[in-house]
Amino acid sequence: MNRIVPCLWFDGVAEGAANLYASIFRNASRGRVARYGEAGHDIHGQPAGSVMTVEFALDGYQLLGLNGGPLFRFTPAISFFAMFETAQEVDAAWAALSEGGSVLMPLDAYPWSSRYGWLNDRYGVSWQIALGKRADIGQPIAPALLFVGEQCGRAEEALEHYTAVFPDSRVEGILRHDGSGPDAAGTVMHAQCYLGGETFMLMDSAHPHDFGFSEATSLIVNCDTQDEIDHYWNALSAVPEAEQCGWLKDRFGVSWQIVPRMLPELLIDRDRQKAERTMQALLGMKKLDIAALERAHANG
């Protein structure tokens, strides 16, 4: 199970999206569902009892869907590179994800894959679908970060930063721009790295784009101790005004959530008073405090 879990911010359709994705990938499964309570209604505005988060896994790759409202929108700055080993699987995934969506690069033969395409699905989530060997990326799905606009040219800096922050990390390989197009020679055309043993891809693009990184896709780092939370928070947070409820924004504009692994269990406790107290405590925090959350859950 991946420790760094992508969180997808939807406007009330997290369960529908999870069901769509589960229909495409083998060995898909659903996990815990957390629901909104009364706590924090003035902040999140969601009806009590409605679905807050839904956990789901696609071929063992864990994701989280969050119903957060209309505040944020997905962009291709973070896409999900999905590798399939047969043309039939590629075509089926493409057909399902492109229905009601928009194509960024048509499904076709490219130098890096004999069958590849890039699209935004009906919910706006961006996918790169490719034919190839999963062993080449080590997992069925890999987040891909595209550095554009003011962030263009910083992919290698991000590689160095992220691999220094996460243990068990390394850069697997970098393919560089040659300067023949709009991208400066030496900047990152495509890089693959491992963060905490999990595959990520990073790219620079100097082409004109009207988007950047968005809070709609954040990366959850599940932590077992307060020392871990402190480490990742101090290493990654670079925008103080973006800090809230365990969320932060790094120097490149990428959003992260640094959370205790046990937090979902506290928030879905059948004793709703305990769950409500935990949520109320969480809403008052920036960096999360495990001991304070446990105290709130136990006795307020």
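Draft legend 1. Structural detail: the pattern of salt bridges. Counted according to the given criterion, the structure contains 16 salt bridges. Residue Asp-224 pairs with Arg-261 through a salt bridge whose shortest N-O separation is 2.8 Å. Of this pair, Asp-224 sits in the loop between β13 (217-223) and α5 (226-236) while Arg-261 is found in the loop between β15 (255-260) and α6 (263-267), placing the two residues 37 residues apart along the sequence. Several salt bridges converge on common partners, so that one network encompasses Arg-32, Glu-55 and Glu-265.

Draft legend 2. Spatial organisation of the sheet that holds strand β5 (residues 78-84). Taking strand neighbours across the sheet as the criterion, the 8 strands line up as β6-β7-β8-β5-β9-β12-β11-β10 in an open arrangement whose pairing is mixed. The open sheet has two edge strands with one neighbour each: β6 (102-110) and β10 (170-176). Strand-to-strand twist across the sheet, computed as the mean angle between neighbouring axes with direction ignored, equals 20 degrees. Inspection of the sheet shows β5 paired to strand β9 (residues 141-147) by 5 bridges, in the antiparallel sense. If you follow Ala-82 over to β9, its bridge partner there is Ile-141. Relative to strand β7 (residues 113-120), helix α3 (residues 87-98) is tilted by about 15 degrees, and along the sheet it contacts β5, β6, β7 and β8 (126-131). Set on the sheet, helix α4 (residues 155-165) makes contact with β9, β10, β11 (188-195) and β12 (198-204); between it and β11 the angle comes to about 5 degrees.

Draft legend 3. Broad picture of the environment of Asn-2. By the secondary structure assignment, Asn-2 is in the segment before β1 (4-10). Taking the C-alpha atoms as reference points, Asn-2 and Gly-60, 58 residues apart in sequence, are found 8.3 Å from one another. Excluding anything up to four places from it in sequence, Asn-2 contacts Gly-60, Tyr-61, Gln-62 and Glu-198. At a separation of 3.1 Å, a polar atom in the side chain of Asn-2 contacts the main-chain carbonyl oxygen of Ile-4. A polar side-chain atom of Asn-2 sits 2.7 Å from the main-chain amide nitrogen of Gln-62.

Draft legend 4. View of the nonpolar core. The biggest cluster of nonpolar side chains holds 52 residues, and the ones touching the most others in it are Tyr-21, Trp-127 and Ile-129. Examining the composition of this core, we find that 6 residues originate from one element, helix α1 (residues 14-24), more than from any other. Those residues in contact with Ile-129, other than ones at most four positions away along the chain, are Ala-82, Phe-84, Val-90, Ala-93, Trp-94, Leu-97, Arg-115, Tyr-116 and Gly-117.

Draft legend 5. Summary view of the sheet that holds β1. Taking strand neighbours across the sheet as the criterion, the 7 strands line up as β2-β3-β4-β1-β13-β15-β14 in an open arrangement whose pairing is mixed. The open sheet terminates on both sides in strands that have one partner only, identified here as β2 (29-35) and β14 (247-249). Strand-to-strand twist across the sheet, computed as the mean angle between neighbouring axes with direction ignored, equals 25 degrees. Against the sheet, α5 contacts β13, β14 and β15, and its axis sits at roughly 165 degrees relative to β15.

Each value, and the rule that gives it
- Residues numbered from 1 in each chain as written.
- Predicted model: local features only at pLDDT ≥ 70, side-chain atom pairs only at ≥ 80, totals over all residues.
- Heavy atoms only, no water.
- Salt bridge = Lys/Arg side-chain N within 4 Å of Asp/Glu carboxyl O.
- Helix = DSSP H or I, 4+ residues; strand = E, 2+ residues; numbered from the N terminus.
- Pairing = 2+ DSSP bridges.
- Axes fitted to C-alpha atoms, helices over the stretch in contact; angles between N-to-C directions.
- Contact = heavy atoms within 4.5 Å.
- Polar contact = N/O pair within 3.5 Å; in protein donor to acceptor, adjacent residues only side chain to side chain.
- Core = buried A, V, L, I, M, F, W, Y, C linked by side-chain atoms within 4.5 Å.
- Buried < 20%, exposed > 50% of the residue type's maximum accessible area, 1.4 Å probe, protein only.

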